[in-house]
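Listed here are the chains, written in short residue letters.
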Amino acid sequence: MGMVDLEKAPGAGARAGAGEPVRRSDAEGCLAVAIRIPVRVVALVLVVPVRMVWDALVVAGRFLRDAVLRPVGRALAWLGRAVFVWPLVGLWRYVGVPLAKGVGWLGHVLLVVPAVWLYRWVLTPVGHALAWFFTRVGAVLAAAGRGLYAGLAWLGRYLAVVPAVWLYRWVLTPVGHALARCGRQVARGVGLVVSGVGFVLYWICRVLLVLPVLAVWRWVFAPVGRFLAVVGREVADALGHAWRVAGHLSRAVGRFLGTVLRWTVAEPARWVYRSVLTPVGHAVRDTVLRPLAEAGRGARRAARQALASARLSVRQARADVRRMLFGGPAVRQPVDGREPSAAEARTLGSSTTALTKD
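Description of the structure in this document. Remember, predicted model here, so these are calculated numbers, not experimental data. (Residues numbered from 1 in each chain as written. Predicted model: local features only at pLDDT ≥ 70, side-chain atom pairs only at ≥ 80, totals over all residues. Heavy atoms only, no water.)

## Here's the deal with the overall build of the protein
Counting its secondary structure elements, the protein contains four helices and zero strands. Going residue by residue from the N terminus, the α and β elements of the protein occur as α-α-α-α. Each of the 358 residues in the protein was classed as buried or not, and the buried ones make up 7%. Within the protein, contacts between residues separated by at least 24 positions form 79% of all contacts whose residues are at least 6 apart in sequence. In the form shown here, the protein has an accessible surface area of approximately 29400 Å², with 72% of it arising from carbon and sulfur atoms. (Helix = DSSP H or I, 4+ residues; strand = E, 2+ residues; numbered from the N terminus. Buried < 20%, exposed > 50% of the residue type's maximum accessible area, 1.4 Å probe, protein only. Contact = heavy atoms within 4.5 Å. Areas by Shrake-Rupley, 256 points an atom, 1.4 Å probe, with all protein chains shown as cover.)

Here's what the structure looks like:
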């Protein structure tokens, strides 16, 4: 935290007189300077523990998120998929979809096809007949309605409209004009009275209310507000400065604790892993795990060979039983009457073995 210069800079007056813009530090008064230092000291003392606790909570939260919450969330997501999503997908794919297809086909056969037949061969002819009938009846009714409307319109015109127009033109219009002229004169007189009363009330309110309130605002509230603004600005600046300083202190403490943990926990653990556990693991792998793996592979190979030989023996026995019961396949004689060659005999034997296998 830098020291504050309590004296005015020697070139401030000259710069202001020369027309240069005055900075905030040049325009501040003694009140702001007197408030700034104690407020910053108090803010620094109060904010440093809060900032260090906040940084510790941030580090703990990140460790908890990376080491606990994220693996637990992934495990819960996989468990949710295994328990809920996969069974529901299988149920929908292998039960719901075939059942829906069957129900749709059944509904099509039992409902759609009969409904289409009923609409095409029953409702459509009946609808056409009703439409033709109502069209003819509607035309007759429309003609009757037009005639009745024309008669009623003629009666209404000469029994109601013509007398009403005469009454409006020769009675109501002159009376309305006279009443409007009287109303304008009355409204003008009332307006003059209201204007005079309003002018008197305006000056009464201005003298009794507005001028006292304006004086109180100008000579009481405005100075107090400026003082509170200066105090609030300095408190906000002090809190920001203290928060930044506390961040630097917290970062230094965190680096120190990280160095201590690295040299007291991480480096010994890495040395133990590299110098002790890795050679022991390699020795166990070379002396125990690899021989066990080789023995397992040899046993699996021997079991596979035994199963293959047993399967071949069973096939041969089944072929012998089938040959004893049904006889062997007929040997094709060549056209020229010669004996088959060795290649032909092998081909014939392979085809016979395939037939016995089948």
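## Re the nonpolar core
Within the largest apolar cluster, six residues are counted, these being Ala-43, Val-47, Val-48, Ala-238, Ala-242 and Ala-246. Excluding residues within four positions of it along the chain, Ala-43 makes contact with Ala-238, Leu-239 and Ala-242. (Core = buried A, V, L, I, M, F, W, Y, C linked by side-chain atoms within 4.5 Å.)

## Points about a positive patch on the surface
Residues Arg-311, Arg-315, Arg-318 and Arg-322 make up a contiguous surface patch of positive charge. The topology assignment puts Arg-322 in helix H3 (residues 30–326). The class of Arg-322 is partly exposed, set by a relative accessible area of 31%. (Patch = residues over 30% accessible without salt bridge, like charges linked within 9 Å, V, L, I, M, F, W, Y side chains within 5 Å. Salt bridge = Lys/Arg side-chain N within 4 Å of Asp/Glu carboxyl O. Lys, Arg positive; Asp, Glu negative; His and termini not counted. Charge placed at Lys NZ, Arg CZ, Asp CG, Glu CD.)

## Describing the environment of Leu-239
In this fold, Leu-239 is placed in helix H3. What makes Leu-239 partly exposed here is its relative accessible area of 42%. Along the chain, Leu-239 and Val-39 lie 200 residues apart, while their C-alpha atoms are 8.6 Å from each other. Setting aside residues no more than four positions away along its own chain, Leu-239 makes contact with Ala-43 and Val-47.

## Digging into the pattern of salt bridges
Where charged atoms of side chains with opposite charge meet at close range, the side chains can pair. Considering all chains together, one arrives at nine salt bridges under this definition. Of the charged contacts in the structure, one is a salt bridge between Arg-233 and Glu-234, with a shortest N-O distance of 4.0 Å. Arg-233 sits in the partly exposed class, given a relative accessible area of 34%. A residue is classified by how much of its surface remains accessible, and Glu-234, at 1% relative accessible area, is buried. For Asp-286, the salt bridge is made with Arg-290, and the minimal N-O distance between the two is 3.3 Å. Note that Asp-286 and Arg-290 are positioned in helix H3 at a spacing of four residues, about one turn of the helix. Here Arg-290 falls in the partly exposed class, since its relative accessible area comes to 47%.

## What about the packing of aromatic side chains?
Under the criterion given, the structure shown has six aromatic pairs. Ring geometry for Trp-78 against Trp-86: centres 6.3 Å apart, planes inclined by 90 degrees, an arrangement best described as edge-to-face. Of the residues examined, Trp-86 reaches a relative accessible area of 48% and is grouped as partly exposed. Note on Trp-217 and Phe-221: the rings are 6.2 Å apart at their centroids and 55 degrees apart in plane angle, and the pair reads as tilted. Separated by four residues within a single helix, Trp-217 and Phe-221 lie in helix H3, roughly one turn from each other. Pairwise contacts between aromatic rings join Phe-199, Tyr-202 and Trp-203 into one cluster. (Phe/Tyr/Trp six-rings, centres within 6.5 Å; stacked < 30°, edge-to-face > 60°.)

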